[in-house]
Amino acid sequence: MKIGPWELASRFVLAPMAGVTDAPFRRLCRRFGAGLTTSEMTTADTSLWNTAKSRHRLDLDLGAEPVAVQIAGSEPAQMAEAARACVDRGAQIIDINMGCPAKKVCRKLAGSALLKDERLVGKILEAVVAAVDVPVTLKTRTGWDGVHQNGLTIARIAEQSGI
């Protein structure tokens, strides 16, 4: 599998999970065959990056390429700024979270809650893709709940945006 210029060593990919995929865990998963590991979900609000929790989540493990970072938020300009800041720190792939169903994430119209606003999804994806010169990927769901399934529409928006 390839993501931009990166040919992955295997087809096994570790999904980014807040509180789980810290740098030691990512190194362990790579040692056991993961072709790609991604940082824990990090807020796109860079003003919060000075907290101990955010610094821990932004431990990028620069020795394992490609370096992938996942960001979450709901403001296109803020997402673009966060993507640029992650690339400046060494990220080689930016992953956007539109899949997290956690209430504390969805209350801020981030994660899977974004799937309710397809226009906003397009604006976020276009802003992030335009902001960085590295591949941008998207973690999403088939819909924001069991009844509202717009995953194919979101995939088309992502493709049109350069994801």
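This report concerns the structure included in the present document.

How each quantity is defined
Residues numbered from 1 in each chain as written. Predicted model: local features only at pLDDT ≥ 70, side-chain atom pairs only at ≥ 80, totals over all residues. Heavy atoms only, no water. Helix = DSSP H or I, 4+ residues; strand = E, 2+ residues; numbered from the N terminus. Polar contact = N/O pair within 3.5 Å; in protein donor to acceptor, adjacent residues only side chain to side chain. Pairing = 2+ DSSP bridges. Contact = heavy atoms within 4.5 Å. Axes fitted to C-alpha atoms, helices over the stretch in contact; angles between N-to-C directions. Core = buried A, V, L, I, M, F, W, Y, C linked by side-chain atoms within 4.5 Å. Buried < 20%, exposed > 50% of the residue type's maximum accessible area, 1.4 Å probe, protein only.

**Brief notes about the side chain of Glu40**
Thinking step 1. Residue placement: Glu40 occurs in the loop between strand S4 (36-37) and strand S5 (42-43).
Thinking step 2. A polar contact of 2.5 Å, which involves the side chain of Glu40, links it to the backbone nitrogen of Gly19.

**A look at the sheet that holds strand S6 (residues 68-72)**
Thinking step 1. Taken in spatial order, the four strands of this open sheet run S5-S6-S7-S8, and their pairing is parallel. In this open sheet, the two edge strands, each paired with only one partner strand, are S5 and strand S8 (136-140).
Thinking step 2. Taken together, the four bridges between S6 and strand S7 (residues 93-98) define a ladder with parallel strand orientation. Of the residues in S7, the one forming a bridge with Gln70 is Asp95.
Thinking step 3. Relative to the sheet, helix H5 (residues 118-131) contacts S7 and S8, its axis offset from that of S7 by approximately 170°.

**Quick notes on the nonpolar core**
Thinking step 1. In terms of nonpolar packing, the biggest core is built from 32 residues, with Ile71, Cys86, Ile94, Ile96, Met98, Leu125 and Val128 touching the most fellow members.
Thinking step 2. Listing elements by their share of this core, those giving two or more residues are S6, helix H3 (76-89), S7, H5, S8 and helix H6 (151-161).
Thinking step 3. Element by element, the count of residues in this core is highest for H5, at seven residues.
Thinking step 4. Dropping the residues within four chain positions of it, Ile94 is found in contact with Val69, Ile71, Ala83, Cys86, Val87, Val128, Val134, Pro135, Val136 and Thr137.

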